[in-house]
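Working through the structure, step by step
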Amino acid sequence: MENVEETSLAYWSGRAEEYSALHMQSYESPKRDTFAAQIACMLPEGGAGLSALDVGCGSGFMSLLLLDAGCTVTGIDFSEDMLARARENVTAKGYEARFLHMRAQQLAFPDKSFDVAVSRNVTWTLEDVDAVYAEVFRVLKPGGVFLNLDANYGRSFAEAEARGEMPTHPTQTLEQLLTRNDIVRDLPISHVDRPAWDVACFWNLGARDIRVRRVGPGTNVAASTMFALEVHKGLE
């Protein structure tokens, strides 16, 4: 695939309406409590007065959870269509947040701008995750925390293809799913052991404390098991 980012942008932007509806359903379901619990682990005293960055915010699911926790929220995404949905969803819940069109690999914020940062189901889609991690670490304040909720979905999809399985999804078409698989098939992140690789990245960046948790019950397919990677920056 010649231009992965352009193809990925078209895929995610084309899903904005469906994706937003799906995740607002999640916000009104027990899934909300599952992910809110991960934020509570990161912020045991709550988020009142804390500035939070939602990296790859999509339609605003994690932004809403951060707002629920009392944070002041900035969300960034490379898709204007997703950002439009995020603004609508946050407003519909009576909140205010700042949403900016921005690549996660090039965050247009000064060093030490945010107390916390989160990302959910984003890094598995990116070509240069190490650059994203370096940028997130740069914009965190000393003592700041980054929570990444993800899984090695690209590897999981490739393993399913190798078994001859056709992809399925409750709201996506087969054409969309095949495009998704094409996007992630050759990404470097699809060919590493996660979350071990992620832990090593943040260790090399100088993280003070790194914690990993399974999200949900887990499965016997390691690549499809979601993890919560909680990274604490040093106090300097």
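This text follows the structure it describes.
Keep in mind that what you see is a predicted model, and the values were worked out from it rather than measured.

**Some thoughts on the overall build of the protein chain**
Counting its secondary structure elements, the protein chain contains nine helices and seven strands. For a compact globule of 236 residues, the expected C-alpha radius of gyration is about 18 Å, and the protein chain comes in at 17 Å, within 12% of that figure. Expressed as lengths along the three principal axes of its C-alpha atoms, the size of the protein chain is roughly 50 × 40 × 35 Å. Going through the 236 residues of the protein chain one by one, you find that 50% of them count as buried. Of the contacts made within the protein chain by residues no fewer than 6 positions apart, 73% connect residues no fewer than 24 positions apart. As displayed, the protein chain has an accessible area near 10900 Å², and 52% of this comes from carbon and sulfur atoms.

**So, helix H6 (residues 129-139)**
Residues of H6 that are buried include every one of Val129, Val132, Tyr133, Glu135, Val136, Phe137 and Val139, and no others. Where the residues of H6 are buried, they touch strand E1 (51-55), strand E4 (114-120), strand E5 (140-150), helix H9 (196-205) and strand E7 (227-232).

**Notes on the side chain of threonine 74**
For threonine 74, the position within the fold is in strand E2 (residues 72-77). Setting aside residues no more than four positions away along its own chain, threonine 74 makes contact with Ala52, Leu53, Asp54, Arg98, Leu100, Phe109 and Phe114.

**Overview of the pattern of salt bridges**
Applying the stated criterion across every chain, the model contains 18 salt bridges. A salt bridge links arginine 185 to glutamate 161, with the shortest nitrogen-to-oxygen separation between them at 2.9 Å. Here arginine 185, found in helix H8 (residues 174-185), pairs with glutamate 161, found in helix H7 (residues 153-162); they are 24 residues apart in sequence, far enough to count as distant. Given the relative accessible area of 29%, arginine 185 is considered partly exposed. Each of Asp209, Arg211, Arg213 and Glu230 takes part in a single network of salt bridges with overlapping partners.

**Remarks on the sheet that holds E7**
Taken in spatial order, the seven strands line up as E3-E2-E1-E4-E5-E7-E6 in an open sheet, and their pairing is mixed. Strand pairing shows two members of the sheet lacking a second neighbour, strand E3 (98-101) and strand E6 (209-214), which therefore form its edges. Each strand of the sheet is rotated relative to its neighbour by a mean of 15°, with strand direction disregarded. In this sheet, E7 lies alongside E6 in antiparallel orientation, the contact comprising six bridges. Bridged to arginine 213 within E7 is alanine 228. Helix-sheet contacts for H9 involve E5, E6 and E7, and the interaxial angle to E7 is about 5°.

**Describing the pairing of E1**
The buried fraction of E1 is high, at five of five residues. With burial as the criterion, each face of E1 is covered, one bearing Ser51, Leu53 and Val55 and the other bearing Ala52 and Asp54. In this structure, E1 lies alongside E2, joined through five bridges in parallel fashion. The residue bridging leucine 53 from the neighbouring strand is threonine 74, located in E2. You can see the chain leave E1, run along helix H4 (residues 61-68) and come back into E2, and the turn it takes is right-handed.

**Focus: the packing of helix H1 (residues 4-14) against H8**
Interhelical geometry of H1 versus H8 gives an angle of 150° and a closest axis separation of 10 Å. On the basis of the axis angle, H1 is roughly antiparallel to H8. Read as a crossing pair, H1 and H8 show a hand that is left-handed. Residues Val4, Thr7, Ser8, Tyr11 and Gly14 of H1 touch H8, and the partners they reach there are Gln176, Thr179, Arg180 and Ile183. Of the residues in the contact of H1 with H8, the class split is three nonpolar, five polar and one charged.

Thresholds, definitions, all that
- Along each chain, numbering runs from 1 in the same order as the chain's sequence is written.
- Only residues with pLDDT of at least 70 get local features here, since the model is predicted, and only at 80 or more are side-chain atom pairs given and counted; chain-wide, interface and lining totals rely on the full set of residues.
- No hydrogens and no water enter the side-chain calculation; it runs on all heavy atoms of the structure.
- Going along the chain from the N terminus, every DSSP run of H or I of four or more residues is numbered as a helix, and every run of E of two or more is numbered as a strand.
- Only C-alpha atoms enter the radius of gyration; for comparison, a globular chain is expected to reach 2.2 Å times N to the power 0.38, where N is the number of residues.
- Classification of residues uses two cut-offs on accessible area relative to the type maximum, computed with a 1.4 Å probe and protein chains only: under 20% is buried, over 50% is exposed, and between them is partly exposed.
- Here, residues are in contact when the closest pair of their heavy atoms is within 4.5 Å.
- What sets the accessible areas is the Shrake-Rupley method with a 1.4 Å probe; for residues, cover comes only from the shown protein chains.
- We count a salt bridge whenever a side-chain nitrogen from Lys or Arg sits within 4 Å of a carboxyl oxygen from Asp or Glu.
- When DSSP finds at least two bridges between two strands, those strands are taken to pair.
- Helix axes are fitted only over the stretch in contact, all axes being lines through C-alpha atoms; the angle between N-to-C directions runs from 0 to 180 degrees.
- The definition of a right-handed crossover adopted here requires that, viewed with the strands pointing away, the path from the first strand over the helix to the second runs clockwise.
- Small angles under 35 degrees read as roughly parallel and large ones over 145 as roughly antiparallel, with 65 to 115 read as roughly perpendicular and the rest as oblique.
- Two helices crossing with the near one rotated counterclockwise from the far one by less than a right angle form a left-handed crossing, whereas a clockwise rotation gives a right-handed crossing.
- Residue polarity follows a fixed list, in which Ala, Val, Leu, Ile, Met, Phe, Trp, Tyr, Cys and Pro are nonpolar, Asp, Glu, Lys and Arg are charged, and the others, Gly among them, are polar.

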